[in-house]
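Letter by letter, the chains look like this.
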Amino acid sequence: MKICLLNTLYHPYRVGGAEKSVQVIAEGLLAQNHIPFVITVGETDRVFSVGGVKVYSLKYTNLYWHYRDSLQKRVLKPFWHLFDIYNPVMAHKVGRILDAENPDVVHTNNLAGFSVAVWPAIEKRGIPFVHTIRDHYLLCIMGMFRNRKNCRSQCGICQTYGWLRKYFSKRVKYVVGNSDFILKQHVESGLFLKAKSWVVYNGYRASGSSILPTPRPDRVRFGYLGRITPIKGIDLLLAAFNRLNEPDTQLLIAGEGNERYLHKLKKLVSSTKVQYLGYVKPEDLFNQINVLVVPSLWNEPLARVVYEAYGHGIPVITSDRGGLPEIVEEGRTGFVFDPEKPLALVSKMKKFIEDKSLPGRMRKDCLRKAQDFLPEKIVENYIEVFQAAVNKHLN
């Protein structure tokens, strides 16, 4: 099959997990002798190749480049979202590429910068398409999270922004959620009601050379990996770590964020037992820790860092938000806690302190669980979805 994968960003722009996940699918399709190509948003129109996959980068047509922090972005952001509700210019650009490439199926993913206008453009050309939900873009401009709380439903503003997206979701006949949570959230909000649905997790493989034995079984090193931002619950993690008051326990925080917020965190817990590493490759952190903590306050669709940890044999402690509980086997690959209960995270962390052999014993189950996310398995699942869409279209 010839398959078009459309996503907001792609290499070299890799802000989050969606870009990595789409790249895994594209290169996995190529490895299985399919013909993938990618359409993405960029700062210029150009065509290039990544890992043998052809990539069309289309210059954005909005007020500013959405992925550069600036005063202009902060001032114009509401208007950017307004123009992004339905962008016929980007749909026209996508249509020209589809006319030239004539794929068998189109796989749309994150649509910021493109808008739902691409769906009727694909449908107009008689090409079957599948959409994967990877974020809250279709529902909310704030990620369904405001004032440190998850939104139970769309507010009036988001309903206004989202009514056209909801309307055009009726044209989607095949939809995939990268977690059961994110799929159900959209269906319960009235989107994709007529679509056949699947849940397909994202793919990841740790290179064999990066999987090392669990460090120092006689001491516990907790780790955090991700964006340094309030919605990730890092202040909650620091408060819990401070309560432990264990002399031989460390916390390594890897990731980048706003300098003002970082300074606030460092004042919250001033201790040499807490180290801020900045940006590091995942394997560089996993080779230094025993346990990964994912204390998210918001409903993460699917945190890539969890199954990355599994790939290195590292157990996890996660909040019970979003799709996180779906990929944790309680007591085998990790533990789940409720961030609204003050001592819940502390009690889970204490399990590893009171039994320092626990990370080593959980290692085997973590490596086993990592097999569920191997790229070839994920790609096989997507091929089945694509084939179902193509076969139905031909019949």
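Talk me through the packing of helix 1 (residues 17–31) against helix 13 (residues 375–394); I want residue IDs and the actual numbers.
When two helices pack together, their arrangement is captured by the angle between the axes and the distance separating the axes. Running from N to C, helix 1 and helix 13 cross one another at 80 degrees; their axes reach a closest spacing of 9 Å. Taken together, the axis directions place helix 1 and helix 13 in an arrangement best described as roughly perpendicular. Contacts between helix 1 and helix 13 pair Val-24, Ile-25, Gly-28 and Leu-29 from the former with Pro-375, Val-379, Tyr-382, Ile-383 and Phe-386 from the latter. The residue inventory of the contact of helix 1 with helix 13, partitioned by class, reads eight nonpolar, one polar and no charged.

Explain the pattern of salt bridges to me, using residue names and the numbers behind them.
Across all of its chains, the model carries 21 salt bridges by this definition. Note that Arg-219 is salt-bridged to Asp-248, the shortest N-O span being 3.9 Å. With Arg-219 in the loop between strand 10 (196–199) and strand 11 (220–225) and Asp-248 in the loop between helix 7 (234–244) and strand 12 (249–254), this residue pair connects regions lying 29 residues apart in the sequence. A relative accessible area of 17% means that Arg-219 is categorised as buried. The class of Asp-248 is partly exposed, set by a relative accessible area of 36%. Residue Lys-348 pairs with Glu-330 through a salt bridge whose shortest N-O separation is 3.5 Å. With a gap of 18 residues between them, Lys-348 in helix 11 (residues 344–354) and Glu-330 in the loop between strand 15 (316–319) and strand 16 (334–337) connect regions that are remote in the sequence. Residues joined in a network through salt bridges with shared partners are Glu-329, Arg-332, Asp-365, Arg-368, Lys-369 and Asp-372.

So what about the side chain of Gln-185? Which residues, and what values?
If you trace the backbone, Gln-185 turns up in helix 6 (residues 180–188). On the accessibility criterion, Gln-185 (11% relative accessible area) is buried. The contacts of Gln-185, once residues within four sequence positions are left out, are His-136, Leu-139 and Met-144.

Any chance you could break down the pairing of strand 10 for me, citing the residues and the numbers?
Where strand 9 (residues 174–177) and strand 10 come together, four bridges link them in parallel fashion. Counterpart to Val-176 in the pairing with strand 10 is Trp-198.

So what about empty space enclosed by the protein? Which residues, and what values?
By rolling a water-sized probe across the atoms, one finds the places where empty space is left. As enumerated under the stated definition, the model contains four cavities of 30 Å³ or more in all. Within this model, the second largest cavity holds a volume of roughly 60 Å³. The element that contributes the greatest number of residues to the lining of the second largest cavity is strand 6 (residues 129–133), accounting for three residues. Tallied by class, residues from the lining of the second largest cavity come to four nonpolar, five polar and two charged.

Before we move on, can you summarise the layout of surface pockets with the specific residues and values?
Counted as a void, the second largest pocket has a volume near 420 Å³. In terms of lining residues, the second largest pocket is bounded by 18 residues, among which Lys-149, Asn-150, Cys-151, Arg-152 and Asn-299 are the most central. At the level of elements, strand 8 (149–150) and helix 6 are the ones that each hand at least two residues to the lining of the second largest pocket. Counting residues per element, the lining of the second largest pocket draws most heavily on helix 6, at three residues. Here the lining of the second largest pocket is built from residues that sort into six nonpolar, six polar and six charged.

I'd love a proper account of the sheet that holds strand 9, names of residues and values included.
Where strands meet in a sheet, backbone hydrogen bonds hold them as pairs that are either parallel or antiparallel. Pairing in this open sheet of eight strands is mixed, and the strands run 3-4-2-1-5-6-9-10 from one edge to the other. The outermost strands of the open sheet, each flanked by one partner alone, are strand 3 (46–50) and strand 10. The average undirected angle you get between the axes of adjacent strands in this sheet is 25 degrees. Packed on one face of the sheet, helix 1 meets strand 1 (2–6), strand 2 (35–42), strand 3, strand 4 (53–59) and strand 5 (105–108) and runs near 170 degrees to strand 1.

Explain the environment of Gln-154 residue by residue, including any values.
Residue position: Gln-154 is located in the loop between strand 8 and helix 5 (156–168). Gln-154 sits in the buried class, given a relative accessible area of 17%. In the structure, Gln-154 is positioned 15 residues away from Leu-139 in sequence and 6.9 Å away in space, judged by C-alpha atoms. Leave out the neighbours within four places in its chain, and Gln-154 touches Leu-138, Leu-139, Met-144 and Gln-159. A distance of 2.7 Å separates a polar atom in the side chain of Gln-154 from the backbone oxygen of Leu-139.

So what's going on with the sheet that holds strand 11? Residues and values would help.
With respect to topology, six strands assemble into an open sheet ordered 13-12-11-14-15-16, the strand pairing being parallel. Sheet topology places strand 13 (274–278) and strand 16 at the edges, where each strand pairs with a single neighbour. Across this sheet, the average inter-strand angle for adjacent strands is 20 degrees, counted without regard to direction. Alignment of strand 11 against strand 12, held across six bridges, turns out to be parallel.

The rules behind the values
- Residues numbered from 1 in each chain as written.
- Predicted model: local features only at pLDDT ≥ 70, side-chain atom pairs only at ≥ 80, totals over all residues.
- Heavy atoms only, no water.
- Axes fitted to C-alpha atoms, helices over the stretch in contact; angles between N-to-C directions.
- Helix = DSSP H or I, 4+ residues; strand = E, 2+ residues; numbered from the N terminus.
- Parallel < 35°, antiparallel > 145°, perpendicular 65-115°, else oblique.
- Contact = heavy atoms within 4.5 Å.
- Nonpolar A, V, L, I, M, F, W, Y, C, P; charged D, E, K, R; others polar.
- Salt bridge = Lys/Arg side-chain N within 4 Å of Asp/Glu carboxyl O.
- Buried < 20%, exposed > 50% of the residue type's maximum accessible area, 1.4 Å probe, protein only.
- Pairing = 2+ DSSP bridges.
- 1 Å grid on protein atoms, 1.4 Å probe; cavity = no way out; pocket = protein on both sides within 12 Å on 5 of 7 lines; lining within 4 Å.
- Points joined across faces, edges and corners; volume = space filled by probe spheres on them.
- Polar contact = N/O pair within 3.5 Å; in protein donor to acceptor, adjacent residues only side chain to side chain.

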